[in-house]
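# What the coordinates show
Next come the chains, spelled out residue by residue.
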Amino acid sequence: MATADESFDQFEDDETPDVAVSESTGPSSGVRKRLFSKELRCMMYGFGDDQNPYTESVDMLEDIVVEFITQMTQQAMEVGRSGRVQVEDVLYLVRKDKRKAARVHELLNMNEELKKARKAFDEVKYAGVS
C-alpha cells in the first residue's frame with residue numbers, strides 16, 4: 001500500500017503552471033506571460049459572455065490576438081523601412097479591409113484630439129500658475 005508521501009508525489013507533477021505554454025516554435029516558444037487576460041475577460045463580458053468566462057476560452061482568444069499582432073507587426077516591418085513599424089505601414093496593410101481601416105482612422109483621429117486637449121489643458125494649467 002502506498003504511503004501518504006508517495007501519493008502526494010504522484011500529483012505534484014500534475015499541477016498546471018500559472019503561465020501558459022506557447023505551442024509555437026519561434027524564439028518566444030516556451031513559457032510566456034498572459035498579457036491581455038484581464039482586458040479580454042472584460043471585452044468578452046461586454047460582448048455577451050459570462051462575467052467570469054472560462055480560462056481556456058480567454059487563453060485561446062489571447063493566443064489568437066497575440067498571433068494576429070505578431071503577424072501584422074512582421075508584415076508591417078516587411079512593407080516599410082526595415083526595423084521600424086510606422087503608422088503608414090499599418091494603414092497600408094489594412095487598406096483593403098474597410099472596417100479595420102475605418103477603425104484605424106478613428107483611433108488616429110481620437111489620438112490627435114486627445115493630444116490637442118492635453119496641450120490646451122497644460123497651457124491653461126501653466127498660465128494659471130504665473
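Presented here is an overview of the structure given in this document.

## Structural notes on a nonpolar patch on the surface
Together, Leu107, Met110 and Leu114 line one region of the surface with nonpolar side chains, adding up to about 250 Å² of accessible area. Examined against the element boundaries, Met110 turns out to sit in helix α5 (residues 98–129).

## Here we look at the packing of helix α2 (residues 37–46) against helix α3 (residues 55–79)
One way to put it is that α2 packs onto α3 with a least axis distance of 10 Å and a crossing angle of 110 degrees. When the axis of α2 is compared with that of α3, the two are roughly perpendicular. Each of Ser37, Leu40, Arg41 and Met44 in α2 lies in contact with α3, whose residues at this interface are Thr55, Ser57, Val58, Leu61, Glu62 and Val65. Grouping the amino acids of the contact of α2 with α3 by side-chain chemistry returns five nonpolar, three polar and two charged.

## Observations concerning the packing of aromatic side chains
A complete count under the given rule lists zero aromatic pairs for this structure. The aromatic ring of Tyr92 is capped on one face by Arg95, whose charged end is 3.9 Å from the ring centroid.

About the criteria used
Residues numbered from 1 in each chain as written. Predicted model: local features only at pLDDT ≥ 70, side-chain atom pairs only at ≥ 80, totals over all residues. Heavy atoms only, no water. Patch = residues over 30% accessible without salt bridge, like charges linked within 9 Å, V, L, I, M, F, W, Y side chains within 5 Å. Areas by Shrake-Rupley, 256 points an atom, 1.4 Å probe, with all protein chains shown as cover. Salt bridge = Lys/Arg side-chain N within 4 Å of Asp/Glu carboxyl O. Helix = DSSP H or I, 4+ residues; strand = E, 2+ residues; numbered from the N terminus. Axes fitted to C-alpha atoms, helices over the stretch in contact; angles between N-to-C directions. Parallel < 35°, antiparallel > 145°, perpendicular 65-115°, else oblique. Contact = heavy atoms within 4.5 Å. Nonpolar A, V, L, I, M, F, W, Y, C, P; charged D, E, K, R; others polar. Phe/Tyr/Trp six-rings, centres within 6.5 Å; stacked < 30°, edge-to-face > 60°. Lys NZ or Arg CZ within 6 Å of the ring centre and 35° of its normal.

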